[in-house]
Amino acid sequence: MMNIKYAPLFESFNIGKGIQLKNRIVMAPMTNFSSNPDGIVSDEEVKYYERRSNGVGMVITACTYVTVNGKGFHGEFGGDRDEMIPSLRRLASAIKEKGAKAILQIFHGGREVPPELVPNRDVVSASNIPSEGEGKPVPRALTETEVESIIRDFGETTRRAIEAGYDGVEIHGANGYLIQQFFSPHSNRRKDRWGGTLEKRLTFPMAVVDEVKKVVAAYAKEPFLVGYRFSPEEPETPGITMADTLALIDALAEKDLDYLHVSLMDFWSTPKRGVVETRSRIEIIQERVGDRVPVIGVGSIYSADDALKALETGVTLIALARELIIDPEWVQKVEQGRESEIVTKINKNHQHELDVPDPLWKAIIHSPGWFPGVE
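Residues numbered from 1 in each chain as written. Predicted model: local features only at pLDDT ≥ 70, side-chain atom pairs only at ≥ 80, totals over all residues. Heavy atoms only, no water.

A. The overall build of the protein chain, seen in detail. Counting secondary structure elements, the protein chain contains twelve helices and twelve strands. By the compact-globule yardstick of 21 Å for 375 residues, the protein chain fits well, its C-alpha radius of gyration being 20 Å. Split into buried and exposed, the 375 residues of the protein chain put 59% on the buried side. If you take every contact in the protein chain between residues at least 6 apart in sequence, the share linking residues at least 24 apart comes to 70%. For the protein chain, the accessible area works out to roughly 14,900 Å², and carbon and sulfur atoms hold 49% of it. (Helix = DSSP H or I, 4+ residues; strand = E, 2+ residues; numbered from the N terminus. Rg over C-alpha atoms; globule rule 2.2 N^0.38 Å. Buried < 20%, exposed > 50% of the residue type's maximum accessible area, 1.4 Å probe, protein only. Contact = heavy atoms within 4.5 Å. Areas by Shrake-Rupley, 256 points an atom, 1.4 Å probe, with all protein chains shown as cover.)

B. Seen up close, the packing of helix H1 (residues 43-52) against helix H2 (residues 85-97). The N-to-C vectors of H1 and H2 enclose an angle of 25 degrees; their axes lie 8 Å apart at closest approach. With respect to H2, the axis of H1 lies roughly parallel. In the packing of H1 onto H2, the handedness of the crossing is right-handed. In this structure, H1 contributes Asp43, Val46, Tyr49 and Glu50 to the contact, and H2 contributes Arg90, Leu91, Ala94 and Ile95. For the contact of H1 with H2, a count of residues per class yields five nonpolar, no polar and three charged. (Axes fitted to C-alpha atoms, helices over the stretch in contact; angles between N-to-C directions. Parallel < 35°, antiparallel > 145°, perpendicular 65-115°, else oblique. Left-handed = near helix turned anticlockwise from the far one by under 90°. Nonpolar A, V, L, I, M, F, W, Y, C, P; charged D, E, K, R; others polar.)

C. The pairing of strand S10 (residues 259-262), seen in detail. Covered by surrounding structure in S10 are Tyr259 and His261 together with Leu260 and Val262, the residues of both alternating faces. One ladder, built from two bridges, connects S10 with strand S11 (residues 295-298); its direction is parallel. Looking at S11, one finds that Leu260 is bridged to Val295. One crossover worth recording links S10 to the parallel S11 by way of helix H8 (residues 281-289), and it is right-handed. (Pairing = 2+ DSSP bridges. Right-handed = clockwise from strand over helix to strand, strands pointing away.)

D. Expanded view of the pairing of S11. Residues of S11 alternate between two faces, with Val295 and Gly297 on one and Ile296 and Val298 on the opposite face, all of them buried. Summarising the sheet, S11 and strand S12 (residues 317-320) pair through three bridges and their orientation is parallel. Pairing of Val298 across the sheet is with Ala319, part of S12. Of the crossover connections in this fold, the one passing from S11 over helix H9 (residues 304-311) to the parallel S12 is right-handed.

E. Molecular detail of the environment of Met84. Along the chain, Met84 falls in the loop between strand S4 (58-65) and H2. Put simply, Met84 and Pro130 are 46 residues apart on the chain and 31 Å apart in space, counted from C-alpha to C-alpha. Aside from chain neighbours lying at most four places away, what touches Met84 is Asp38, Gly39, Ile40, Tyr65, Gly78 and Gly79.

Structure, rendered in structure tokens:
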């Protein structure tokens with residue numbers, strides 16, 4: 001029997017126009033490095049998702065690249081051409097058969113791509129400014145024609161997601177990838193209509209949203225969600241501040257999106273600059289746009305009490321990331337009144353019991369800073 005205090009986590013929610021989530025818990029998008037080199041999803045990857053799709057209301061996949069020069073990771077699955085539709089469909093079906101809604105996260109890595117993964121080692125971005133850090137490639141600034149082509153690619157991958165049976169797409173405008181690169185004053189130094197002022201730096205993200213929504217209107221026969229993920233701040237100077245992000249989410253809230261997803265390592269983190277504020281970023285964002293568009297919060301939520309406290313901020317949905325790798329049965333344990341049995345540290349001998357593919361397991365074991373509590 002579920003402890004009644006956790007009942008709010010299991011209230012159903014009607015998201016978008018005609019899609020009902022069975023609860024308020026979402027599997028966050030996490031790169032798993034486990035697809036085949038040709039961009040086709042692997043058997044191990046499908047098994048990993050199946051295991052974690054049983055309890056949550058919605059699964060947002062790892063990012064899939066919309067253009068061949070946007071591949072950001074070794075072992076990332078592709079959505080850049082129609083030949084990928086069977087692969088995309090296999091993953092969508094695996095998730096939906098377990099009772100969760102399936103959302104495909106679509107992205108372009110921009111200046112963050114490993115040069116060896118893209119044709120002719122041609123790394124592109126809004127401008128020719130490299131990421132901060134040792135040995136980062138200097139990207140080539142995209143031409144106007146290329147910018148417009150990539151916007152269409154986001155639309156084309158959305159069409160493929162519809163044909164593959166997904167319930168929606170999440171536009172990945174977070175974590176320093178191409179969409180964020182156009183919004184950021186660090187990476188976007190353009191002087192044309194795609195950059196310069198804050199308003200012009202919004203042009204590319206908004207054009208991607210408009211293109212994706214146009215494709216959904218043209219091709220989706222069933223209700224189909226469009227969400228947008230963003231990172232509230234950047235450490236670089238110049239860089240995105242909380243004030244910039246408030247302008248971004250005001251613009252996004254006008255676009256009739258189905259949700260906004262805040263990318264945070266810690267749900268309760270507070271702003272660094274741009275606003276004078278002691279509340280968490282998520283509370284500021286929720287107050288600003290939460291009455292206009294559902295907000296998904298995420299970040300270091302390990303226990304049922306953590307999730308409940310996060311939900312009490314007013315956000316609509318709570319996303320679990322590392323927590324679902326550590327304990328794939330997190331949701332079921334809370335639902336069955338066994339929340340005290342939730343595992344919060346990963347045991348390095350339990351890979352096969354957890355159905356974690358080899359490449360992801362290696363990343364976990366070798367990155368204890370990213371993954372707390374490796375034992």
